[in-house]
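Close look at the chain arrangement
So the chains spell out like this:
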Amino acid sequence: MNTFSLFYQFLASFSFLVLASVGLAVIFGVMNVINFAHASFIMLGAVFTVSLVNHAGIPHALAVLLAILGVAVVGMAIEWLFIRRLYRRILDCLLATWAINMIIVQIVFLIIGSSQRGIPAPFGSFTVGGITYATYTLVILAFAFLVIGFLYWLFRHTDFGLRVRAAMQNKDMAEGLGTRTSTLYSVTFGLGAGLAGLTGALYAPMMPITPFFGDQFLWRAFTVVIVGGADPLIGPLASGAALGLVYSGLTWFWGTIVGSIGLLAVTMVFIRLFPAGFTGAMQRFRGRGGS
């Protein structure tokens, strides 16, 4: 391997971790809901995309957009039917989303079977130093930055974002000032589900399409959210970069198994030192700077 290979692997790991976790981080950060159905939302994004391309002949870019909307609608329906009845009951909500995940996986298994024909990755490849790299990986990286930029604009520069931040700080006060938190949470859950669908749609050309497609994203998404903390913007970006560096570096020298073990080990050490994650560490640093 050359230096560019290591850099390319870091970019691939960073984008994977950010996209895998951002939908989970939005739902957890805003609603304090641990969403185990996140894996099935990612899987639905991939299945919708592949089905639209293979069976309906829809262009890949349009299929990705439709998959995002479709998974967002599924997420909002699940929130309306089940999740909103379990707010402030964290363990019940965790078990409910785990059950929902299993139900969705089994339904998809009955429809498509154990696997589905995939689609080729677009944009071809390029060569550096005699080694060929997939251009599509850089496209996914661009989407990771676009998603973070979109969320920054949404939460920092819109009325919706203002109300979300108010509800995060004091739900009862926000309701007293006229914010309908039930509608806010429904839209937020749909947004998180749609972002998970985007992740599945983007990675559909790169991985086998099975009902368990989302499982390979789930544990990594949780490590990023745990290390990142409650902020749905700073958390995925900071922890995605840090953990991506760890994973790509260890994988460079010792392979993917050691990289995965190292990722978990670093996560355990980090949350032992900083239980509130990067978000809490940054807030503590700002507090010391202002004192």
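Just so it is clear, the model here is predicted, and its values are computed rather than measured.

When you go through the protein chain residue by residue, the secondary structure sums to 12 helices and two strands. Each helix and strand of the protein chain, placed in order from N terminus to C terminus, yields the pattern α-α-α-α-β-β-α-α-α-α-α-α-α-α. If you line up the protein chain on its principal axes, its C-alpha atoms span 60 × 50 × 35 Å. Going through the 291 residues of the protein chain one by one, you find that 46% of them count as buried. Long-range contacts, defined as pairs at least 24 residues apart, comprise 75% of the intrachain contacts of the protein chain with a sequence gap of at least 6. With an accessible surface of roughly 14000 Å², the protein chain has 71% of that area assigned to carbon and sulfur atoms.

Quick look at helix α2 (residues 38-56) now. Its 19 residues give α2 an end-to-end C-alpha distance of 26 Å, which sits within 8% of 27 Å, the value for a rise of 1.5 Å per residue. Among the residues of α2, His 38, Ala 39, Ser 40, Phe 41, Ile 42, Met 43, Leu 44, Gly 45, Ala 46, Val 47, Thr 49 and Val 50 are the ones counted as buried. Residues of α2 that are buried sit in contact with α1 (3-31), α3 (60-81), α4 (90-112), α8 (181-203) and α9 (215-228). Positive phi shows up at Gly 57, right after α2, with a value of about 70°.

Attention now goes to the layout of surface pockets. For the largest pocket, the calculated volume is near 430 Å³. Every residue lining the largest pocket is counted, 15 residues in all, and those nearest its centre are Ala 12, Ser 13, Phe 16, Tyr 203 and Met 207. Looking at the lining of the largest pocket, the elements that each hand over two or more residues are α1, α5 (135-156) and α9. Per-element accounting of the lining of the largest pocket gives the leading share, six residues, to α1. For the lining of the largest pocket, the residue count by class is nine nonpolar, five polar and one charged.

Right, let's get into the pairing of strand β2 (residues 131-134). Both strand β1 (residues 125-128) and β2 contribute to a ladder of four bridges, which runs antiparallel. Counterpart to Val 128 in the pairing with β2 is Ile 131. Where β1 folds back on β2, the antiparallel hairpin that results is connected by two residues, among which Gly 129 adopts a positive phi of roughly 60°.

Moving on, we get to the pattern of salt bridges. Per the counting criterion, the structure on display carries three salt bridges. With a shortest N-O distance of 3.1 Å, Arg 84 and Glu 79 are connected by a salt bridge. Residue classification places Glu 79 among the buried residues on the basis of a relative accessible area of 0%. A salt bridge links Arg 89 to Asp 92; its shortest N-O distance comes to 2.9 Å. For Asp 92, a relative accessible area of 35% translates into the label partly exposed.

In this section: the confidence of the model for the protein chain. In this model, the protein chain carries a mean pLDDT of 88, and residues with pLDDT of at least 70 account for 96%. No element of the protein chain has a lower mean pLDDT than helix α12 (residues 277-290), which averages 67, and none a higher one than α3, which averages 95.

Position of Phe 16 relative to the elements: it lies in helix α1. For Phe 16, a relative accessible area of 13% translates into the label buried. Linking Phe 16 and Thr 183, residues 167 residues apart in sequence, is a C-alpha distance of 30 Å. Residues in contact with Phe 16, not counting those within four places in the same chain, are Tyr 203, Met 207, Gln 216, Phe 217 and Arg 220.

Parameters at a glance
- Residues numbered from 1 in each chain as written.
- Predicted model: local features only at pLDDT ≥ 70, side-chain atom pairs only at ≥ 80, totals over all residues.
- Heavy atoms only, no water.
- Helix = DSSP H or I, 4+ residues; strand = E, 2+ residues; numbered from the N terminus.
- Buried < 20%, exposed > 50% of the residue type's maximum accessible area, 1.4 Å probe, protein only.
- Contact = heavy atoms within 4.5 Å.
- Areas by Shrake-Rupley, 256 points an atom, 1.4 Å probe, with all protein chains shown as cover.
- Expected span 1.5 Å × (residues − 1).
- 1 Å grid on protein atoms, 1.4 Å probe; cavity = no way out; pocket = protein on both sides within 12 Å on 5 of 7 lines; lining within 4 Å.
- Points joined across faces, edges and corners; volume = space filled by probe spheres on them.
- Nonpolar A, V, L, I, M, F, W, Y, C, P; charged D, E, K, R; others polar.
- Pairing = 2+ DSSP bridges.
- Salt bridge = Lys/Arg side-chain N within 4 Å of Asp/Glu carboxyl O.
- pLDDT = per-residue confidence, 0-100.

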